[in-house]
Amino acid sequence: MFKIPSLLLRQLYTYGSLQNTDSGFRFSVKNRLSDATITKVTGVKINDSSINDADVKIQLPDGNFSTLDSITEKNPMPLNLKDVVTFFISGKSLERGKYKLAFSFHTKKIGTLEVSVEDSISDAEKRISIPVNKANDYTDEIIKERQKFIESYSGAKIEHISKYSFDPSVTQGNIEAFTGVAQIPLGFAGPIKVNGEYANGEFLVPLATTEGTLVASYNRGIKAVNLSGGVTCTVSVDCMQRAPVFIFENARDARDFIDWINKNMDKLREEAEATSSVAKLLYIDPYLSNKFAYLRFNFETGDAAGQNMVGRATFAACSWVLDNYPKIKRFFLESNFATDKKASQVNVMRTRGKRVTAEAVIKRDVLIEVLRVEPESLNYHNGVAMVGAFISGANNNGAHSPNAITAMFIATGQDVANVSESSAGIIYSEITPEGDLYISLTIPSLIVATYGGGTGLPTQRECLEIMGCYGRDRVKKLAEIIAGVALAGELSLGAAISSLDWVSSHEKYGRNR
């Protein structure tokens, strides 16, 4: 019989659901694993004290109630994925504090699921709250109620936030308490000629930004790239991480644990990949410090960015570890070693997302005629800027690759906070024997998706479709296009600074005075 690790079973419980009622207390369970058929419910306990079956009623997903003795093999309780059931316990209410809860589900396919968790009772907090509808929080009625509440509370008038062209229900899973939209200006640059392995052709580029000169600057760089034959792009690494930490009594125990992990990679891979049809565990990087064992799990995640996917997969693998390795004192699913939403040296070295390089040879006459700078001047400035970046401790020795990344992220529904990791960039240039400029940009941690997350929202999907980048088997194509655009921007701004055109461009196209 397949055994589900105990840590994974705790996901069934809805933390914060322990509450007093008029006749006792209650708590809720949500099926976050897979469809199941419950043939019996036993072992309901609080603080290791058994509760009489007659004192327990279960509210089923359809709202009806069932007693424990009515759930049998002949009369099972279906518990499908995302179904919620609530246990109502009659008797005394609970005092404020922490409690240990336990119960067992007997199932047809996977045997008995023994769940043991801790939750707390706290005083109900009285505060002003934004209106919500727990049954359906995306209806026109509740959205208008929220808009009126915000106007009343703030004294401000909502005129533009409330105007949108899509069904609010499509935002479910992307945002809570949907109230309206923040409209950001959208412009297009290009088309840019990309000579990639996945993106091969000319592409119009959507840029969502409030920064004047940005679209114009990228158009100028794209013109120079196109006149020189386009930009060649290469994706060299593709992986997403979650980095748990295991804590031991001493450093020797931590070291021995790593040896055990290496010997059990096949089982860890089996446990992790059972949670997803997409996630593939590539390898685990171990790092030891003090009495801590940090494990950096590295996954392929298909066309999704994959942070949630790898979190779920790593959690499953670690649940198995906790049930099978005895010397672990404490455990945390994330140790900050994956550096999620943060720039870091480990991601520059090891990659988080896609490692992609864009490179081009810009003809000497194109640089002079289009960008008004000689190759030698731009190459010299790149060297000076590299020293500045080194002294300042920057994670990027280029001019502004995060500008292209951010503007394209917003336009295409990426997780914009991932610009933190994606902002790292490595620029290199040299003068060719023909007197032209070779320039390349490596983005070591570009986190993008063409499926899932915000990519399916209406305007974001349209922007992806314009580039032919929406859906499955498109993510590396998008990565190549973004890298190519970023390189064009490096050329344009670098040339403007080198030729002293930078300030005058902002005067013409930039901020209103």
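What you see is a predicted model, and the numbers here were worked out from it, not measured in a lab.

> Even after reading the chapter, I still don't get empty space enclosed by the protein, so can you show me in this structure?
The method is simple in principle: a probe with the dimensions of a water molecule rolls over the atoms, and the space it marks as empty is what remains. Scanning all chains against the criterion turns up 1 cavity of 30 Å³ or more. As a volume, the largest cavity reaches approximately 30 Å³. Around the largest cavity sit Asp238, Cys239, Met240, Thr301, Ala304, Ala305, Gly353, Lys354, Ile447 and Val448, which together line it. Broken down by element, the residue count for the lining of the largest cavity peaks at 3 residues, all from strand β13 (residues 231-242). Residue classes in the lining of the largest cavity are distributed as 6 nonpolar, 2 polar and 2 charged.

> Explain the pattern of salt bridges to me, please; I cannot follow it from the model alone.
Pairs may arise between side chains of opposite charge once their charged atoms sit close together. In total, this model carries 21 salt bridges according to the counting rule given. Of the charged contacts, one joins Lys100 and Asp48 as a salt bridge, the two residues approaching to 3.5 Å between their closest N and O atoms. Of this pair, Lys100 sits in strand β9 (residues 97-107) while Asp48 sits in the loop between β3 (36-46) and β4 (49-50), and the two are 52 residues apart along the sequence. The class of Lys100 is partly exposed, set by a relative accessible area of 32%. For the salt bridge of Arg255 with Asp256, the shortest nitrogen-to-oxygen distance reads 3.2 Å.

> Looking at this model, I keep getting lost on the nonpolar core. Mind explaining?
Across soluble globular proteins, you tend to see nonpolar side chains buried next to one another. Leu18, Phe27, Phe87, Phe105, Phe246, Phe257 and Val321 are the most contacted members of the largest nonpolar core, which totals 68 residues. Tallying contributions element by element places helix α6 (residues 307-324) first for this core, with 9 residues. In this structure, Phe27 is in contact with Tyr13, Ser17, Leu18, Val85, Thr86, Phe87, Ile89, Leu101 and Phe103, ignoring residues within four places of it in sequence. Counting residues in hydrophobic clusters, the runner-up holds 53 residues, among them Ala189, Val231, Met408 and Val485.

> Sorry, what's going on with helix α4 (residues 251-263) here?
Since the α-helix turns once every 3.6 residues, residues separated by three or four places project in the same direction. Compared with an ideal rise of 1.5 Å per residue, which puts 13 residues at 18 Å, α4 spans 19 Å between its outermost C-alpha atoms and is within 8% of the ideal. Listed in full, the buried residues belonging to α4 are Asp253, Ala254, Phe257, Ile258, Trp260 and Ile261. Down the axis of α4, the smallest arc covering the buried residues is 165°, so these residues share one side. Turned more than 90 degrees away from the buried face of α4 sit Arg252 and Lys263, all of them exposed. Where α4 is buried, its residues contact β14 (245-247), α5 (265-273), β15 (280-289), β16 (292-300) and α6. Among the residues of α4, the N-terminal cap falls to Asn250, whose side-chain oxygen and the backbone nitrogen of Arg252 are separated by 3.2 Å.

Thresholds, definitions, all that
- Residues numbered from 1 in each chain as written.
- Predicted model: local features only at pLDDT ≥ 70, side-chain atom pairs only at ≥ 80, totals over all residues.
- Heavy atoms only, no water.
- 1 Å grid on protein atoms, 1.4 Å probe; cavity = no way out; pocket = protein on both sides within 12 Å on 5 of 7 lines; lining within 4 Å.
- Points joined across faces, edges and corners; volume = space filled by probe spheres on them.
- Helix = DSSP H or I, 4+ residues; strand = E, 2+ residues; numbered from the N terminus.
- Nonpolar A, V, L, I, M, F, W, Y, C, P; charged D, E, K, R; others polar.
- Salt bridge = Lys/Arg side-chain N within 4 Å of Asp/Glu carboxyl O.
- Buried < 20%, exposed > 50% of the residue type's maximum accessible area, 1.4 Å probe, protein only.
- Core = buried A, V, L, I, M, F, W, Y, C linked by side-chain atoms within 4.5 Å.
- Contact = heavy atoms within 4.5 Å.
- Expected span 1.5 Å × (residues − 1).
- Arc of directions from axis to C-beta.
- Polar contact = N/O pair within 3.5 Å; in protein donor to acceptor, adjacent residues only side chain to side chain.

So far we have only geometry, and geometry alone does not tell us how the molecule works.
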